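The residues making up each chain are set out below.
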Amino acid sequence: KLVPEIMIPLVSEDKELKFVKKTVVETADAEIKAAGSDLKYEVGTMIEIPRACVTADAIAKDADFFCFGTNDLTQMTFGFSRDDAGKFLNAYYDTKIFENDPFAKLDQVGVGKLMKMAIELGRPVNKNLHIGICGEHGGDPSSVEFCDEIGLDYVSCSPFRVPVARLEAGRAAVLTEES
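Owing to the predicted nature of the structure, the values given are computational and were not obtained by experimental measurement.

J.: Tell me about the sheet that holds strand E2 (residues 42-47), residues and numbers included.
T.: Strand order in the open sheet formed by five strands is E1-E2-E3-E4-E5, and the pairing between neighbours is parallel. What marks the edges here is a single partner per strand, and that holds for strand E1 (5-8) and strand E5 (154-156). Neighbour-to-neighbour, the strand axes of the sheet open up by a mean angle of 30°, direction not taken into account. Looking at chain direction, E1 and E2 are connected through four bridges and run parallel.

What follows is the structure, encoded as C-alpha cells:
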C-alpha cells in the first residue's frame, strides 16, 4: 500500500516544523478530498542541521519520520562547504588530520554522535518515528553498517550506489542477528 512521505527540509526548530506542517497538511488534505481519495501520507523532516539533532525530542512530537541528510549535516557539523572542501582536503589527508573524505564516508565520531543523539531523543517521544538517511553516505559500506548499529530503519543513496548499499545492509543484518 502506497504511503507517500512529505519531507520538510532544513528544520531547526520544532515551531518551524509545526508551522510548515500545518500548511502541508491543509493543502494535502484538500487535494486528497477533491480527488475523492482516501490516500494516507506522512509528514516528516530532513535532519540536516546540528541544532535539529540536539532538539530532536521537540521536533519528534510533530514528525512522522526523520531522514538524516548526512551530506548537509556533515557540511554544517564541520563548518565547511562540500564545494570548497576540495581546495584543502588533500592537505588534511596528507597530514593525517582526516583519514577519509567526510562527504564519502560518514564521520561516526562527530556527525554520527549527533545522529545517535537525535535517535535517542526522538524515539522515546514518538514510538512510531521511523528514521533513515539519504545521500552518498547511504552507499558507503562502513556508513551503512554504522546506520544499522544505531538503529536506522533504512538508507537511501544515489542509484549507482544501490547495489553496494543493499549488499552492506544485508551483511549488517546478518551480523546483528549473530550478535
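J.: Can you break down the nonpolar core residue by residue, with the values?
T.: Within the largest apolar cluster, 31 residues are counted, with the highest numbers of intra-cluster contacts made by Cys 53, Phe 66, Phe 68, Leu 73, Met 115, Ile 131 and Leu 152. Mapped by element, the contributors of at least two residues to this core are helix H1 (14-34), E2, helix H2 (50-54), helix H3 (56-60), strand E3 (65-69), helix H7 (111-125), strand E4 (130-134) and helix H8 (141-149). The element that contributes the greatest number of residues to this core is H7, accounting for five residues. Counting residues in hydrophobic clusters, the runner-up holds five residues, among them Phe 80, Ala 85, Leu 89 and Phe 103.

J.: Tell me what's going on with the side chain of Gln 75, and back it up with residues and numbers.
T.: Structurally, Gln 75 can be placed in helix H4 (residues 70-78). Within the structure, the side chain of Gln 75 is placed 2.6 Å from the backbone nitrogen of Arg 82, a separation counted as a polar contact. Once residues lying within four places of it in the same chain are set aside, the contact partners of Gln 75 are Phe 80, Ser 81, Arg 82, Asp 83 and Phe 103.

J.: Give a detailed account of the environment of Glu 178, specifying residues and quantitative values.
T.: Summarising the element assignment, Glu 178 is placed in helix H9 (residues 162-178). Between the alpha carbons of Glu 178 and Ile 59 there is a distance of 34 Å; along the sequence they are 119 residues apart.

J.: Tell me what's going on with unusual backbone geometry, and back it up with residues and numbers.
T.: Positive phi is not limited to glycine here, since Leu 10 has a value of about 55°. Looking at the element boundaries, Leu 10 is found in the loop between E1 and H1. Judged by relative accessible area, which is 41%, Leu 10 ranks as partly exposed. In this structure, Lys 96 takes a positive phi of about 65° despite not being glycine.

J.: Can you explain the state of the cysteines? Please cite residues and give values.
T.: Counting across every chain of the model gives zero disulfides. Cys 134 provides the cysteine sulfur closest to Cys 67, a residue in no disulfide bond, and the two sulfurs are 3.7 Å apart. Taking the relative accessible area as the measure of exposure, Cys 67 reaches 2% and is therefore buried.

J.: Describe the packing of aromatic side chains, and please don't skip the residues or the numbers.
T.: Counted according to the given criterion, the structure contains seven aromatic pairs. Ring centres 5.3 Å apart and planes at 70° place the aromatic pair Phe 78 and Phe 98 in the edge-to-face group. With Phe 78 in helix H4 and Phe 98 in the loop between helix H6 (89-94) and H7, this pair connects stretches of sequence that are 20 residues apart. Put simply, the rings of Phe 78, Phe 80, Phe 88, Tyr 92, Phe 98 and Phe 103 pair up and form one aromatic cluster.

What counts and how
- Residues numbered from 1 in each chain as written.
- Predicted model: local features only at pLDDT ≥ 70, side-chain atom pairs only at ≥ 80, totals over all residues.
- Heavy atoms only, no water.
- Pairing = 2+ DSSP bridges.
- Helix = DSSP H or I, 4+ residues; strand = E, 2+ residues; numbered from the N terminus.
- Axes fitted to C-alpha atoms, helices over the stretch in contact; angles between N-to-C directions.
- Core = buried A, V, L, I, M, F, W, Y, C linked by side-chain atoms within 4.5 Å.
- Buried < 20%, exposed > 50% of the residue type's maximum accessible area, 1.4 Å probe, protein only.
- Polar contact = N/O pair within 3.5 Å; in protein donor to acceptor, adjacent residues only side chain to side chain.
- Contact = heavy atoms within 4.5 Å.
- Disulfide = S-S within 2.5 Å.
- Phe/Tyr/Trp six-rings, centres within 6.5 Å; stacked < 30°, edge-to-face > 60°.

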